[in-house]
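Residue-level listing of the chains:
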Amino acid sequence: MPKFALLKDGVNETLIKATQTKIASYLSRLFDEQELVIVDGLYAFTFGTVQIEVQVISWHSEDVLVKVFSYLAQDVTLTKEMSEELLRLNSTLSFGSFGITFDNSVVFSYSLAGANIDFNEFSAAIQTVATIADEYDEKIQSQKV
């Protein structure tokens, strides 16, 4: 039997709110107020040609996820070559991954455990998603990944 505790189902509303407060504080260190859009707990900002979004969501009873993501292209005609290339790119990335949503949108996302998140790891996630999303959005839209 492993020496770590198994994750317990459940939603910890108190932790969600505390993490949202921490994330709001971190975002205020990274951006001016007018650069952020906040709607129903979803934070968004523009970087280059993409919009980056940050959301705190439930994970299990003792932790939450901080999800940093960007939609790179919508309604993409997904070819075998493009799928394979996105998988290859995923294997070379240290953090984050490309994905395909149910409606054939390509996203890049990076999730962090939120209970003990610190500014340095949050800032790294923001920088990683912004840089990769801005680099690959036009390539994916033009099918030249």
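Residues numbered from 1 in each chain as written. Predicted model: local features only at pLDDT ≥ 70, side-chain atom pairs only at ≥ 80, totals over all residues. Heavy atoms only, no water.

As recorded in an unreviewed UniProt entry, the protein chain goes by the name YbjN domain-containing protein, listed as coming from Rhodocytophaga aerolata.

Between helix H1 (residues 13-30) and helix H3 (residues 119-141), the shortest axis-to-axis distance is 11 Å and the interhelical angle comes to 65 degrees. Relative to H3, the crossing made by H1 is right-handed. Listed contacts from H3 to Ile23, Tyr26, Leu27, Arg29 and Leu30 of H1 are Phe119, Phe122, Ser123 and Ile126. In the contact of H1 with H3, the residues fall into seven nonpolar, one polar and one charged. (Axes fitted to C-alpha atoms, helices over the stretch in contact; angles between N-to-C directions. Helix = DSSP H or I, 4+ residues; strand = E, 2+ residues; numbered from the N terminus. Left-handed = near helix turned anticlockwise from the far one by under 90°. Contact = heavy atoms within 4.5 Å. Nonpolar A, V, L, I, M, F, W, Y, C, P; charged D, E, K, R; others polar.)

One open sheet accounts for six strands, arranged S1-S2-S3-S4-S6-S5; its pairing is antiparallel. Lying at the two open borders of the sheet, with one neighbouring strand each, are strand S1 (37-39) and strand S5 (97-100). On average, adjacent strands in this sheet sit at an angle of 30 degrees to one another, irrespective of strand direction. Across four bridges, the pairing between S5 and strand S6 (residues 106-113) is antiparallel. Each bridged residue has a counterpart across the sheet, and for Ser97 the counterpart in S6 is Ser109. Here H3 sits on the sheet and contacts strand S2 (42-47), strand S3 (50-60), strand S4 (63-73), S5 and S6; the angle it forms with S4, its principal contact strand, is near 25 degrees. (Pairing = 2+ DSSP bridges.)

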